[in-house]
Amino acid sequence: MTAFAPDSPLVDEVRPAANHDERGAEPDILLLHYTGMETAEGAVARLCEEASKVSCHYVVLEDGRVLQLVPEGLRAWHAGVSSWEGETGVNARSIGVEIVNPGHEFGYRDFPLPQVDAIIALARDICARWRILPERVLAHSDVAPQRKEDPGEKFPWDRLAAAGVGHWVAPTPIDDGGGLAEGEEGDPVEQLQTLLSLYGYGLEIDGRFGPVTAAVVRAFQRHFRPARVDGVADFSTCDTLRNLLAARPER
């Protein structure tokens, strides 16, 4: 791709990526990732090169600088196999932002304040221009819970929400009680699966707490109850989920 004009006034540099195509739909999801590589330079190079078969719209560096790789009007290749609210074409419907962080494999660390401030400003700009709903500001792990962990439990979703980005309620405090865990079956599991599905997660409602349900619970915890990510649907997890559903505006 040749150089193009940035879509946001917050962009510091345009670095055209090779991989993109036509959208086929107007974006209504903002999808946040971490780069998950040892260096920012390596991550940006991979996101730009044709051989990688991946790309994204924006990269936010740890010092707060913002790079744009693909115009928002085109589909970048960042979500992979994914779904939300029954829709599988997440790439076509989303704007993808990669946040520089080595991730769980290479020394996952806190996101620096200049980077978080830049993410907030960029997200507010994107959501305002495309009228993206707060509850559709999502993590990569939300739309691909069996494959992805990013941007992970250290990502400050609460700070974003305080600045008007994303959907959030204060997590219900964790107690020492039990909960639903992998291997259990029955109506309580079916009710949990139904609530997760109503929020948007992709899973079969079959009353069996198998590996897929456990992965979805972990994804939910990473985003909305990050103090403990264990895949166990304890009271804190379930009550936080119910409160999120109750607080979500009707469409």
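Owing to the predicted nature of the structure, the values given are computational and were not obtained by experimental measurement.

Outline the pairing of strand 7 (residues 94–99), supporting the account with residue identities and numerical values.
Put simply, side chains in a regular strand alternate between the two faces of the sheet. With six of six residues buried, strand 7 is to be regarded as a mostly interior element. Here strand 7 shows a buried face lined by S94, G96 and E98 and a second buried face lined by I95, V97 and I99. By the bridge criterion, six bridges tie strand 3 (residues 29–34) to strand 7 in an arrangement that is parallel. Across the sheet, residue L31 finds its bridge partner in strand 7, namely G96.

If you had to explain the UniProt feature "domain: N-acetylmuramoyl-L-alanine amidase" (unreviewed entry) in the protein to someone new, which residues and values would you point to?
Under the UniProt annotation, the feature "domain: N-acetylmuramoyl-L-alanine amidase" (unreviewed entry) is placed at residues 15–152. The span residues 15–152 is 25% helix and 20% strand, and its two end C-alpha atoms sit 26 Å from each other.

Just give me the short version of a negative patch on the surface, but keep the residues and values in it.
A cluster of acidic residues, E185, D187, E190, E204 and D206, forms a negative patch on the protein surface. Along the polypeptide, E190 turns up in helix 6 (residues 187–199). Classification of E190 by relative accessible area gives partly exposed; the value is 36%.

Summarise the sheet that holds strand 7; cite the residues concerned and give the values.
Ordered by their spatial adjacency, six strands build an open sheet running 1-5-4-7-3-8, and the pairing between neighbours is mixed. What marks the edges here is a single partner per strand, and that holds for strand 1 (13–14) and strand 8 (137–139). Pairing analysis gives three bridges linking strand 3 to strand 8, with the strands arranged parallel. Bridge pairing in strand 8 links L31 to L138. The sheet contacts of helix 3 (residues 113–130) involve strand 3, strand 4 (58–60), strand 5 (66–68), strand 7 and strand 8, and relative to strand 4 the element is tilted by about 155 degrees.

Give a description of the side chain of Q115 that names residues and reports values.
In this fold, Q115 is placed in helix 3. Accessibility expressed as a relative area gives 0% for Q115, which makes it buried. Polar side-chain contacts of Q115 include one of 3.1 Å to the backbone oxygen of V60. In this structure the side chain of Q115 is engaged in a polar contact, spanning 2.9 Å, whose partner is the backbone oxygen of V100. Those residues in contact with Q115 that sit more than four places away from it in its chain are V60, L61, E62, G64, I99 and V100.

Lay out helix 3 in plain terms, naming residues and giving numbers.
Over its 18 residues, helix 3 extends 26 Å from the first C-alpha to the last, a length consistent with the 26 Å expected when each residue adds 1.5 Å. Listed in full, the buried residues belonging to helix 3 are Q115, V116, A118, I119, I120, L122, A123, D125, I126 and C127. Buried-residue contacts for helix 3 involve strand 3, strand 4, strand 5, strand 7, strand 8 and helix 5 (157–162). Directly beyond the C-terminal end of helix 3, a positive phi value near 55 degrees is found at R131.

Explain the packing of helix 6 against helix 8 (residues 235–247) to me, using residue names and the numbers behind them.
Two elements in contact, helix 6 and helix 8, have axes whose closest approach is 10 Å; the angle formed by their N-to-C orientations is 40 degrees. Accordingly, the angle class assigned to the pair helix 6 and helix 8 is oblique. Of the two elements, helix 6 crosses helix 8, and the hand of that crossing is left-handed. On the side of helix 6, the interface is formed by L192, L195, L196, L198 and Y199, while helix 8 contributes C238, L241, R242, L244 and L245. Broken down by class, the residue content of the contact of helix 6 with helix 8 amounts to nine nonpolar, no polar and one charged.

Residue-level account of the packing of aromatic side chains, with values.
One pass over the full model with this rule turns up 11 aromatic pairs. Considering the side-chain rings of F155 and W157, the 4.9 Å spacing of their centres and the 70 degrees angle between planes classify their relative orientation as edge-to-face. As far as burial versus exposure is concerned, F155 and W157 are alike and both buried. Among the aromatic residues, ring-to-ring pairing joins W84, W168, Y199, Y201, F220 and F224 into one connected group.

Residue-level account of the environment of R225, with values.
With respect to the secondary-structure elements, R225 resides in the loop between helix 7 (211–224) and strand 10 (233–234). A C-alpha to C-alpha distance of 27 Å links R225 and G89, two positions 136 residues apart in sequence. Excluding anything up to four places from it in sequence, R225 contacts P171, I174, F220, D230, D234, S236, T237 and T240. Among the polar contacts listed, one links the side chain of R225 to the backbone oxygen of R228, at a separation of 2.7 Å. At a separation of 3.2 Å, a polar atom in the side chain of R225 contacts the side chain of D234.

The rules behind each value
Residues numbered from 1 in each chain as written. Predicted model: local features only at pLDDT ≥ 70, side-chain atom pairs only at ≥ 80, totals over all residues. Heavy atoms only, no water. Buried < 20%, exposed > 50% of the residue type's maximum accessible area, 1.4 Å probe, protein only. Helix = DSSP H or I, 4+ residues; strand = E, 2+ residues; numbered from the N terminus. Pairing = 2+ DSSP bridges. UniProt positions renumbered as here; feature names shortened; annotations may be inferred. Patch = residues over 30% accessible without salt bridge, like charges linked within 9 Å, V, L, I, M, F, W, Y side chains within 5 Å. Areas by Shrake-Rupley, 256 points an atom, 1.4 Å probe, with all protein chains shown as cover. Salt bridge = Lys/Arg side-chain N within 4 Å of Asp/Glu carboxyl O. Lys, Arg positive; Asp, Glu negative; His and termini not counted. Charge placed at Lys NZ, Arg CZ, Asp CG, Glu CD. Contact = heavy atoms within 4.5 Å. Axes fitted to C-alpha atoms, helices over the stretch in contact; angles between N-to-C directions. Polar contact = N/O pair within 3.5 Å; in protein donor to acceptor, adjacent residues only side chain to side chain. Expected span 1.5 Å × (residues − 1). Parallel < 35°, antiparallel > 145°, perpendicular 65-115°, else oblique. Left-handed = near helix turned anticlockwise from the far one by under 90°. Nonpolar A, V, L, I, M, F, W, Y, C, P; charged D, E, K, R; others polar. Phe/Tyr/Trp six-rings, centres within 6.5 Å; stacked < 30°, edge-to-face > 60°.

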